[in-house]
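Structural features, examined
If you want the building blocks of each chain, they are given just below.
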Amino acid sequence: MPPVIVQQTMGTSAIGGISAALPYSRIHGQGSNYLKENVLQMGYFSPRVSCAMESEVLKLNQYSKVGFLDSLQFGGNELQLPLNSRIPSWLYSRTVAFIVKSEHPQNADLPHYLSKKEKKPFPVPIVELRRAARERAKSRKGQPKKPILPPKNGLVVKRMVPLAYDVINGRAKLINNLKKLLKVVPVQACKWCNEIHVGPVGHPFKSCRGQQASIRKGLHEWGSAVVEDIFLQVDAYHLYDRLGPRILHDERFSIPRIPALVELCIQAGVNIPKFPVKRRRKPVIRIGRKEFIDADESDLPDPVPESQIPILTEVPDSEVVAPSTAEETTLLAEETLEAWETMRRGAKKLMRMYPVRVCGYCPEVHVGPSGHKAQNCGAHKHQQRNGQHAWQSAVLDDLIPPRYVWHVPDVNGPPMQRELRSFYGQAPAVVEMCIQAGAAIPEQYKSTMRLEVGIPADIKEAEMVV
């Protein structure tokens, strides 16, 4: 019997599930002259498959294993299952297989937080890195050396300079808008740990790990939050020369520390007079694997000052004006969400060109080809490393932590219940603030927010969910 393909056309939500009813589906079958039209009808918890024929309707047995078809509304997967039907043998005696397809993104798991003893996973496994290195060495064997391209030769990638200005302006715009949104969207912060919650009332979950948490039985003690709690600032050392010697342990207090995102933009071409940086106009001359000398630039004319893109500045807290109407709040939320996406999207492109390192055990970030030598790591097993950091390639979340918080389904509805924790989703704090202020939900965050999951009214109803 050839497979029967079920193509989902629409779905409805049910308690505890994503979609539990497929009101209409089309089934295409071949090899049978007896079957003309086939309709798949599914109830909320007891789906059944029925085949409408010319003279009679064949009643098939209920197939309980397709009860999880509701989760496929958000999954682009292909599912093939055998279907055993109680059709008389003189009519049909072979097993039917059907394939369920859906083009919606699958609901993703909530972000996993590493314990203090766990090491961050490598973005690319070591085995893959070694294999790629062997392939590069094999392909370069017997070939002339290729010239070193920017930024490895000390020059700035010209095409990335406007993007760097967009990122640093997006960061300033995001901070200024968050200060305004805090006037109308309440955000709670725990007084004993670093957890925050977007909403008029803090969540009831017992997840506090701060001081005296055992006395409070894990309950949070909420207070007002500030911008630094929502948008985390990851600091890094400012490098005057990106290709210069590594920062030593004795120099850790003499070199200024600035936000790592700002340092990335400075190395990518942003000029800030407060933080001078060495700009070369000729590529460096390599005399060894790790040794180089600067080229002579005396024959070049004096540099002509280029027209710089204006850089936005942060507004002081005393000058922040809150939006007065609901329309202004919605426009401000959409503008904030756009600045957040612009900053993250641009930073990800810059990280592909300018390397960023992160410690595998602590949040320390270094913008440069190799990490610094300051022995200030106090994470797990730092005694074995003499306080040195375990540097590895950083990802975007290391440079710009998203800071996930619980998504409130209805701000004006009933408060969140501790026993229904598994039914709630999460979203970055900036995104959750913008959503509560009236902005549209971005597609890339719907997978972790569990928007299509029906939340039971009470615990008794939750126990009935299969």
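None of the values given here were measured: they were computed from a predicted structure.

Here's the deal with the overall build of the protein chain
For the protein chain, the count of helices and strands is 9 helices and 19 strands. Classification of the 466 residues of the protein chain by burial places 42% in the buried group. For the protein chain, the proportion of contacts with a sequence separation of at least 24, taken over those separated by at least 6, is 66%. Taken as a whole, the protein chain presents about 27,600 Å² of accessible surface, with 53% of it coming from carbon and sulfur.

A short note on the nonpolar core
Formed by 64 residues in total, the largest nonpolar core has its most connected members in Trp340, Leu399 and Ile400. With residues near it in sequence (within four places) discarded, tryptophan 340 still touches Leu174, Phe231, Ile400, Pro401, Pro402, Pro428, Val430, Val431 and Tyr445. By size, the runner-up hydrophobic cluster in this structure holds 9 residues, among which are Leu420, Phe423, Val453 and Ala462.

A word on the packing of aromatic side chains
Evaluated as defined, the whole model comprises 2 aromatic pairs. Judged by centre distance (6.1 Å) and plane angle (45°), the ring pair of phenylalanine 205 and tyrosine 424 falls under tilted. Of this pair, phenylalanine 205 sits in the loop between strand 9 (196-198) and strand 10 (222-224) while tyrosine 424 sits in the loop between strand 18 (404-406) and strand 19 (426-428), and the two are 219 residues apart along the sequence. Note on phenylalanine 205: relative accessible area 1%, which makes it buried. Owing to a relative accessible area of 5%, tyrosine 424 belongs among the buried residues under this scheme. Each residue in the set Phe205, Trp406 and Tyr424 is aromatic and connected to the rest through ring pairs, giving one cluster. In this structure, arginine 257 is placed above the aromatic ring of tyrosine 237, and the distance from its NZ or CZ to the ring centre is 4.6 Å. The ring of phenylalanine 205 has arginine 421 lying over it, and the distance from NZ or CZ to the ring centre is 5.2 Å.

Structural notes on unusual backbone geometry
Glycine aside, residues mostly have negative phi, and peptide bonds are mostly found in the trans state. Each neighbour pair has its own omega, and for proline 150 with proline 151 the value is 5°, a cis peptide bond. Positive phi, normally seen in glycine, also occurs at lysine 381, with a value near 60°. Its location among the elements puts lysine 381 in the loop between strand 16 (365-367) and strand 17 (391-393). Despite not being glycine, arginine 403 shows a phi value in the positive range, around 55°. Residue placement: arginine 403 occurs in the loop between helix 6 (396-399) and strand 18. By relative accessible area, which is 16% here, arginine 403 ends up buried.

Topic: the pattern of salt bridges
Pairing between side chains becomes possible if they bear opposite charge and their charged atoms approach one another. In the structure shown here, the tally under the stated rule is 13 salt bridges. The partner of lysine 191 in a salt bridge is glutamate 221, with the nearest N and O atoms 4.0 Å apart. With lysine 191 in the loop between strand 8 (187-190) and strand 9 and glutamate 221 in the loop between strand 9 and strand 10, the pair connects residues that are 30 residues apart, well separated along the chain. With a shortest N-O distance of 2.9 Å, arginine 280 and aspartate 294 are connected by a salt bridge. A residue pair is termed long-range when its members are at least 10 positions apart, and arginine 280 in the loop between helix 4 (260-267) and strand 13 (285-286) and aspartate 294 in the loop between strand 14 (292-293) and helix 5 (326-353) qualify at 14 residues. Residue arginine 280 is classed as buried on the basis of its relative accessible area of 10%.

With respect to the sheet that holds strand 15 (residues 356-359)
Taken in spatial order, the 3 strands line up as 16-15-17 in an open sheet, and their pairing is antiparallel. Only two strands of the sheet have a single neighbouring strand rather than two, namely strand 16 and strand 17. Sheet twist, expressed as the mean angle between neighbouring strand axes with direction ignored, is 35°. Inspection of the sheet shows strand 15 paired to strand 16 by 3 bridges, in the antiparallel sense. Residue pairing for strand 16: valine 358 is matched across the bridge by valine 365. Set on the sheet, helix 4 makes contact with strand 15 and strand 16; between it and strand 16 the angle comes to about 15°.

Some words on the side chain of arginine 344
On the secondary structure map, arginine 344 appears in helix 5. Judged by relative accessible area, which is 13%, arginine 344 ranks as buried. A distance of 3.1 Å separates a polar side-chain atom of arginine 344 from the backbone oxygen of isoleucine 400. Those residues within four positions of arginine 344 in sequence are excluded, and the remaining contacts are Leu396, Asp397, Ile400, Pro402 and Tyr445.

Conventions adopted
Residues numbered from 1 in each chain as written. Predicted model: local features only at pLDDT ≥ 70, side-chain atom pairs only at ≥ 80, totals over all residues. Heavy atoms only, no water. Helix = DSSP H or I, 4+ residues; strand = E, 2+ residues; numbered from the N terminus. Buried < 20%, exposed > 50% of the residue type's maximum accessible area, 1.4 Å probe, protein only. Contact = heavy atoms within 4.5 Å. Areas by Shrake-Rupley, 256 points an atom, 1.4 Å probe, with all protein chains shown as cover. Core = buried A, V, L, I, M, F, W, Y, C linked by side-chain atoms within 4.5 Å. Phe/Tyr/Trp six-rings, centres within 6.5 Å; stacked < 30°, edge-to-face > 60°. Lys NZ or Arg CZ within 6 Å of the ring centre and 35° of its normal. Salt bridge = Lys/Arg side-chain N within 4 Å of Asp/Glu carboxyl O. Pairing = 2+ DSSP bridges. Axes fitted to C-alpha atoms, helices over the stretch in contact; angles between N-to-C directions. Polar contact = N/O pair within 3.5 Å; in protein donor to acceptor, adjacent residues only side chain to side chain.

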